[in-house]
Amino acid sequence: MSPLYKIMVMVVTCLGIGYLGGQVTQSSVETWYPLLEKPFFTPPNWAFPVAWTTLYIFMGIAAGLVWSRIEVETETVRKGLTFFAIQLVLNALWSYLFFGLKNPLLALIEIVLLWLMIYETYLPFKRVSRYAGYLFIPYLAWVTYATALNGAIWWMNR
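Residues numbered from 1 in each chain as written. Predicted model: local features only at pLDDT ≥ 70, side-chain atom pairs only at ≥ 80, totals over all residues. Heavy atoms only, no water.

(A) Here's a closer look at the packing of helix H4 (residues 104-128) against helix H5 (residues 130-157). For the pair H4 and H5, the least separation of the axes is 9 Å and the interaxial angle reads 170°. Our classification of the angle between H4 and H5 gives roughly antiparallel. Here H4 and H5 pass one another in a crossing that is left-handed. Partitioning the contact of H4 with H5 into residue classes produces 21 nonpolar, six polar and two charged. (Axes fitted to C-alpha atoms, helices over the stretch in contact; angles between N-to-C directions. Helix = DSSP H or I, 4+ residues; strand = E, 2+ residues; numbered from the N terminus. Parallel < 35°, antiparallel > 145°, perpendicular 65-115°, else oblique. Left-handed = near helix turned anticlockwise from the far one by under 90°. Nonpolar A, V, L, I, M, F, W, Y, C, P; charged D, E, K, R; others polar.)

In structure tokens, the structure reads:
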């Protein structure tokens, strides 16, 4: 398989996970979420799909770049892609916990695990491809911000 094909597969996979997460959030974004107290640093609702779509594309490109090096750096690539799959599942799970179950505390605990797994994915990704590492930095930054936002929402609504 060509590197471009691997990138496309991973981008589509990430966008698919994002779509599933969006389906879980849709009804709560219109009903439950507007009723919550939110901190001053809460972005407008339109910013979330823009940010996440961009991040899913970056994640997919990064994973495709790493996957394309599997013949050269087999162990590091396998480790990175395993962590990538775990963090992708955790990414989708957060939407279910926060919006589906309407449980900001459980989502807060889970997002900390997600952040750690993103970091564990970043480490082998940057070893395999510096560009893959660079593409993960915005994701780490956004999830850091999202963790603070999740924590503030939980605290304000406990």
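(B) Up close: the pattern of salt bridges. Going through the model one piece at a time under the given rule, you end up with one salt bridge. Of the charged contacts in the structure, one is a salt bridge between Arg69 and Glu73, with a shortest N-O distance of 3.0 Å. Accessibility expressed as a relative area gives 22% for Glu73, which makes it partly exposed. (Salt bridge = Lys/Arg side-chain N within 4 Å of Asp/Glu carboxyl O. Buried < 20%, exposed > 50% of the residue type's maximum accessible area, 1.4 Å probe, protein only.)

(C) Up close: helix H3 (residues 74-100). The first and last C-alpha atoms of H3 sit 38 Å apart over 27 residues, in line with the 39 Å expected at 1.5 Å per residue. Positioned one or two residues after H3, Lys102 has a phi angle of 55°, which is positive. (Expected span 1.5 Å × (residues − 1).)

(D) Looking closely at the nonpolar core. Counting 45 residues, the largest nonpolar core has Met59, Phe84, Phe98, Phe125, Phe136 and Tyr139 as the members making the most contacts within it. Of all the elements in the fold, those that place two or more residues in this core are helix H1 (3-30), helix H2 (47-67), H3, H4 and H5. Phe98 has contacts with Trp32, Tyr33, Leu36, Asn103, Pro104, Ala107, Asn150 and Ile153, leaving out every residue within four places of it along the chain. (Core = buried A, V, L, I, M, F, W, Y, C linked by side-chain atoms within 4.5 Å. Contact = heavy atoms within 4.5 Å.)

(E) Expanded view of the packing of aromatic side chains. In total, this model carries 22 aromatic pairs according to the counting rule given. Seen in terms of ring centroids, Phe84 and Phe136 are 6.2 Å apart; in terms of plane orientation they differ by 55°. Their pairing is tilted. With a gap of 52 residues between them, Phe84 in helix H3 and Phe136 in helix H5 connect regions that are remote in the sequence. With respect to class, Phe84 is no different from Phe136; both count as buried. (Phe/Tyr/Trp six-rings, centres within 6.5 Å; stacked < 30°, edge-to-face > 60°.)

(F) The arrangement of a nonpolar patch on the surface in detail. A cluster of nonpolar side chains, namely Leu93, Tyr96, Leu101, Leu105, Leu106, Ile109, Val112, Leu113 and Leu116, defines an oily patch on the protein surface of about 750 Å² accessible area. No other element matches the six residues that H4 contributes to the nonpolar patch. Among the secondary structure elements, Val112 is positioned in helix H4. By relative accessible area, Val112 is classed as partly exposed at 39%. (Patch = residues over 30% accessible without salt bridge, like charges linked within 9 Å, V, L, I, M, F, W, Y side chains within 5 Å. Areas by Shrake-Rupley, 256 points an atom, 1.4 Å probe, with all protein chains shown as cover.)

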